[in-house]
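Fold and contact review
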Amino acid sequence: MCKFDHSRRSFLRTASLTSMAGFYASPFLIGLNSLAAMAQSTGLSDYRALVCVFLQGGNDGHGTVIATDPTSFSAFTQARSGAAGLAYPLADLLPIMPKTSQNGRTFALNPSLVGLQNLFNAGRAAVVANTGTLIAPATKSQINSNSVPLPASLFSHFDQTAAWQAIASNGGSSEHVGWGGAVADVIESMKVNSNSMFTCISTSGIALFLSGEQSYQLNVTSAGPIPIYGTANPLFGNSAGSSALQSILSADETNLFAKEYEVVVQRSIQAQQTLATAMAAAGVRGVPDPPQYLDPVTNKLTNNDLAVSLQTVARIISGRASLGVNRQIFYVQLGSFDTHDGQAEQHARLLSQLGSALEYFDAQMVAMGVGDQVTAFTASDFGRTLTSNSDGTDHGWGSHHFVVGGSVAGQDMYGAYPVVGANQADDLGAGRLIPTTSVDQYAGTLARWFGLSDGQIKTIFPNFGNFGTSPYLGFMG
Amino acid sequence: MQARPERLFSFKLPALALSIAAAWFMSGCSSITIGDPSSFTAISAPVNSLRVNETAQLGTHTQFDGTKLAFYVNGVPGGDAKFGTIDSAGIYTAPTIVPIPNSVTITSASVAHPDYPKGTVTLAIWNPIPVVNALTPSGFPEGDTQVAVTGSKFVYGAKVMWDGKAVDTTYVSSTHLEAIIPAANPGTFPLLVSNPDPGSANSKTVQVQVGPGQVELKLQAYNGSDVRVRNSLNLGLDVTGTINKAVTLTVNGISGGNSTIGTATSNSDGSITYHAPPVVPTPNNVVTLTATSVDNPKISVSQNISVLNPIPVLTSATPLSMNPGPPATTIVLTGSDFINGAQVLMNGAAVSTTFNSGTQLTASISPSEPGNLDLQVLNPSPGPATSADLIGTVNGTPPVPIVSPQDAARFLDQATFGATDADIHHLSLIGYQPWLNEQFAAPQSLLTPGVEQALIVNTQPACASGDVKCNAAMFLENNQGQDYPENAFWQQSLTAPDQLRQRVAYSLHEMLVISMTSTGVMNMPRGAAHYYDTLAADAFGNFRQLLQDVTLNPMMGQWLAMQGNDKGNANTDPDENYAREVMQLFTIGLYQLNDDGTQKLDGTGKPIPTYSNTDVMGLAKVFTGFSWNVPGNTSDSAWSDCCMYVGPGVGEDLLPMQSYPSHHSTAQKAFLGVTIPSSGSPDPNGDLKIALDTLFNHPNLPAFFSKQMIQHLVTSNPSPGYVSRVAAVFKDNGLGVRGDLKAVVTAILMDTEARDTVAGASNPQFGKVREALLRYTHWARAFTAQSRTGGYWIGSTEDPIWGLGQMTLRSPTVFNWFAPGYVPPGTTIEQAGMTGPEFQMTNVSSVVGYLNYMQTAVSSDSTNGFDIFSSYAAEMNIAGNPGALVDRVNLLLMSGQMDSTLYSQILSAVSAVPVPAGDQNAINAALAARVRTAVFLTLASPSYCAQY
């Protein structure tokens, strides 16, 4: 998303009349006090957390959740015949049996997803099928005749990552407010957390998803919060140096870049002081270290970075009482799923990490006594094509996702799994799926579990009402 | 209640349940009285816990009183898959997976009298007992071995127990675990699998044979393999497969080495230290250190070590003040560690030098202008290094500089990796355009030769030059070689004379991204270095050439999948990765732009996309049929396999990809309003030319490229006017040429918006966050930092906690470490409608990482800390005068723009360090503390972290 022009921002503020006026709900800026007033009647005094597991690059949903009834499976195998390793022997797949029928078809998970199969069978994970960015429901003929508004730049990583993480009314990405950040803003306005600094936490740099208007995100690595040397102890043997350093790091700055740089430094100092004692240790004295995963390509035990990120999340959750938080939103990232090339190996490797990491994380949540209070969910820029290039697939649109946790109404599939094959109703071409569930619905369902009211959800997701009278999905029970 | 054993046998019960039920009856009755309604529904369990899938027959009174019971599990009639099921006879079957929580409550109700109180029992559901079938490998030698344990009923959290101790275990599935077994000694050892709670249980034990190990030696050059004369280099040594870890050491085959080639000794912790000789060995400065196992002398391992010249120390010069020349003044420079071939640098430029001895040089210098004179000594290769600066004086009234030192420093901050004393002096006397002209004419420094050399020296055993397989492994399948391009980058950015070209190349590589984080590029360290050199080579040429060279570069081909991209068929389409990114990121961006960089809007006020997915698909067909360049060979193996043509100086990683017509699409290709008709004969080069010409001539390119380069070099939010002026030069350099990069760079740096210091300093919206990496190079150049080992052993600084949070050629995605349009949320910058790209990598972790990294860097010295250190000689000379010290640091680091508050805070902190009298060591320590305080406090200040 190119931010060359300020006027685009002003466009979003003022635009309300378009030929598609009925579909665009203007993102009117309700004061956050009013948002607080829309709260559910029950106070949010229990602890709940959402963990966004972002599969960066566009995860191939087709190869993640596979329909295994003879008709579907042969269509899948045929479509993937152009590249070695992108279709699977039926015996290698991991069967799952969703409680709700999808037109009598059977399903299985990618061979590398043992961990997710276990979670699914234990009723602690569910599949949400064919989910993607939409402004309003769209059919193939509507798309082809240009009679329905569509999200902008559909197959661009940058824009679709932003659209997943920051839903805006015009289908582009919101300027810079992610829906996680927007949810955090609501939480902040209701004064649910006594310390708002620890509401939004990322282990993967700054995430658009967690960017809010009032709330800021912290990023924490597995090393935990590190203090600035030379502030607590003499600087080069000189305590005047230490006090000078502290003054300099809080000086008045006029230049905006210097000023905002300093804001980040100050936030870091404050966060470190609290987090250092609150966050549990990694290892036997705190949250056990995750096991390595078995790399399916090399057959070697390899460090699982996603699991380490989730361990960091678990360590922070462990300190929730000291942090004074009842509601937290986390962001972790795994990538790159952009498998134009070498998909057979790369996808297997990444899914192994994903399955192992989620199984590990859920076990930690249960051990910590918050197994029903933390919900992890996958998200991704987009799915991929069903047909392949010579050894991979290209950018798609709708994809299948997982929600994991004790509160999930698991062992089931929600949304509508598409008919598999070319030229089907949901196929925009080359097997790019037109989503039948929107990110708004997916996210709105999670937000409702998190404690937001209908009114608050409709404000954060301006197009929510475009998806029927009952847009919520049932995966949170 | 009496037991009636004979009646039991009429029940058809599973044997286990039978015996459990029998046991219950034998043990006597419950305390319920006959006639109490509870007695009809009372149930009991023969056990307190049950493993998954097991069954238990509940004891009931049904056989005595005929009460028919209905059973519920956790309230569900008959139970369910999650909590277990129970049939009408009261046989409960535990579920397949332990539920959470793991206790189930079974209740019974009388069918006839539902109002009777319910009976209830609680059972704990336990994990199964694991079964071990096999180990692969089933036996192994001493050392660490990864073992697959297969069997059944493994539960997540199961642990492999080796010799009674739990080993880190990876759960792969219910039938497969993996673990790394640390078998320290040969023998027979017990192994079992233990399932976790609830109901933790062990499998049977398997006895495993561990054989004597094959001795294996491994040397770890964790401090690199370069060392300067007289210094020491520590190497790690791993010895496995034997209890006797002793080794004998030779250098160039001589036991222990000698004073000419250096010596090697073993340390008590098992590591090895190489002690470099006092003089670089000739004719070959590379020596071979070999460690041979005492236990098995057939096993040995070697490491090549490069011995490098010392860092010269310049103590004094006589005379230090002189008249301008001609005539030239002969000066005698005194110091130590001068090497024959050393050159004296006057204001950064070499002058005629005579080598008298290791402690004395004579130079004939003819400074043209009165004023300060910057003197340094540069020792020759191997391991060239400059001394710190000695400041002399040229008598007379200094000419009014064409550019003030402050403005010169500020310009150099934009145009180089950091201002130096010498450069400030030089530029201020000659002016901007002449400096630019010198830089345009300066020969290009290259990364590739040094990287190639380092790979060759550090590969053991060495490759014969004709051994393609060995050379391929060294250059194209070597993901251990990344340190070399990284360290070469540091050496080049810190010391290369063609600073402008290198700085522009750095910014180009942040737009035209490849990264060693992807497998293909990671394996090709020489290729990655060569890609960077290609950008630098084209930095002052034409954009059309740059676009061509990037498109056909094999590293880019690996990164964005153009290498080996095949024309489509019924089942496959060409890969679209390069087609999309070359438009989105490299040339035209997503939305149509005016020449001033603002977005064009349609009739309804919306931005206008530049391309659609159809354009991407059309363009993707053009980028088919290009792959490895094996001269004269377009066979199928050359197309798909690498590598056949690799050696020193040559290889598929270096040559631009070649075309393979049979793999090129002949279908119609429509993109950006251009249609290449379908044709009978494939024309990859012709189609490529049309595509690249179309992108080059696209109206978006001038503004798209110009604005981003301005953002990288000068300011994040250039005015539309600034962008227009530069875009106009891109379109036409004044001589009718489009895409003249030399002209564009000149336009960017010479524009009034870049040069107007006062306007920049007084406009809070002007400027940018300095990239952390550039803040580091800035420090290193300002204080003439040197590499202790000579290898510029910095590696990657991408870790946000322990490094700078970014590294050249290592960005995690094609979007670089920050995107041009990034807006930091919740900031005054956002409120002002501005962008702050470098804020995307500025977070609570990385700001701390930067401060801590710089503190260590600043305090490193010739014996401690990072490999790159400064002796701060020029600063030490004035540290007795805090004001002079802070002034100097202000000029070198902040172009004299320190505000008065910051200045006085630093001044006070510096002055608070007392300088004792008497002991010279104590005096030097105090002066050094003053210098470090001044330097670090400046680097730490948010004012410095921004650039305006």
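Because the structure is predicted, anything quoted here is derived from the model rather than measured.

All right, on to the overall build of chain B then. Scanning chain B from terminus to terminus reveals 32 helices and 49 strands. Radius of gyration (C-alpha) of chain B: 38 Å, far over the 30 Å computed for a compact globule of 948 residues. The dimensions of chain B, computed from C-alpha atoms along their principal axes, are 130 × 80 × 65 Å. Counting only residues that meet the buried cut, chain B has 57% of its 948 residues in that class.

Another aspect to go through is the state of the cysteines. Scanning all chains against the criterion turns up two disulfides over all chains. Across the disulfide from cysteine 463 of chain B sits cysteine 470 of chain B; the S-S distance is 1.9 Å. Since a negative S-S torsion denotes a left-handed disulfide, the cysteine 463 of chain B-cysteine 470 of chain B link at about -75 degrees is left-handed. Looking at chain B, its bonded cysteines, counted consecutively from the start of the sequence, adopt the pairing 1-2, 3-4. Cysteine 52 of chain A forms no disulfide, and the closest cysteine sulfur to it belongs to cysteine 200 of chain A, at a distance of 11 Å. When its relative accessible area of 2% is taken as the criterion, cysteine 52 of chain A is described as buried.

Moving on, we come to the side chain of arginine 349 of chain A. Tracing the chain through its elements places arginine 349 of chain A in helix H12 (residues 343-367). Look past the residues within four positions of arginine 349 of chain A in its chain and what remains in contact with it is Tyr293, Asp295, Pro296, Val297 and Thr298 of chain A.

Glancing now at unusual backbone geometry. Residues and elements named next belong to chain B. Look at the link from isoleucine 100 to proline 101: it is a cis peptide, with omega at -5 degrees. Relative to the helices and strands, proline 101 resides in the loop between strand S9 (91-93) and strand S10 (103-110). The peptide bond linking threonine 318 to proline 319 adopts the cis configuration, its omega dihedral lying at -10 degrees. Relative to the helices and strands, proline 319 is located in the loop between strand S32 (313-318) and strand S33 (321-322). Of note in the backbone geometry, threonine 784 takes a positive phi value of approximately 45 degrees without being a glycine. The residue threonine 784 is located in the loop between helix H25 (772-782) and strand S47 (786-787) in this model.

Applying the stated criterion across every chain, the model contains 23 salt bridges over all chains. Between arginine 327 of chain A and aspartate 46 of chain A there is a salt bridge, with its nearest N and O atoms 3.1 Å apart. With a gap of 281 residues between them, arginine 327 of chain A in strand S10 (residues 327-334) and aspartate 46 of chain A in the loop between helix H2 (32-37) and strand S1 (48-55) connect regions that are remote in the sequence. Residue aspartate 46 of chain A is classed as partly exposed on the basis of its relative accessible area of 31%. A salt bridge links arginine 432 of chain A to glutamate 576 of chain B; the shortest N-O distance between them is 3.2 Å.

Criteria and thresholds
- Residues numbered from 1 in each chain as written.
- Chains lettered and ligands numbered in written order.
- Predicted model: local features only at pLDDT ≥ 70, side-chain atom pairs only at ≥ 80, totals over all residues.
- Heavy atoms only, no water.
- Helix = DSSP H or I, 4+ residues; strand = E, 2+ residues; numbered from the N terminus.
- Rg over C-alpha atoms; globule rule 2.2 N^0.38 Å.
- Buried < 20%, exposed > 50% of the residue type's maximum accessible area, 1.4 Å probe, protein only.
- Disulfide = S-S within 2.5 Å.
- Contact = heavy atoms within 4.5 Å.
- Salt bridge = Lys/Arg side-chain N within 4 Å of Asp/Glu carboxyl O.

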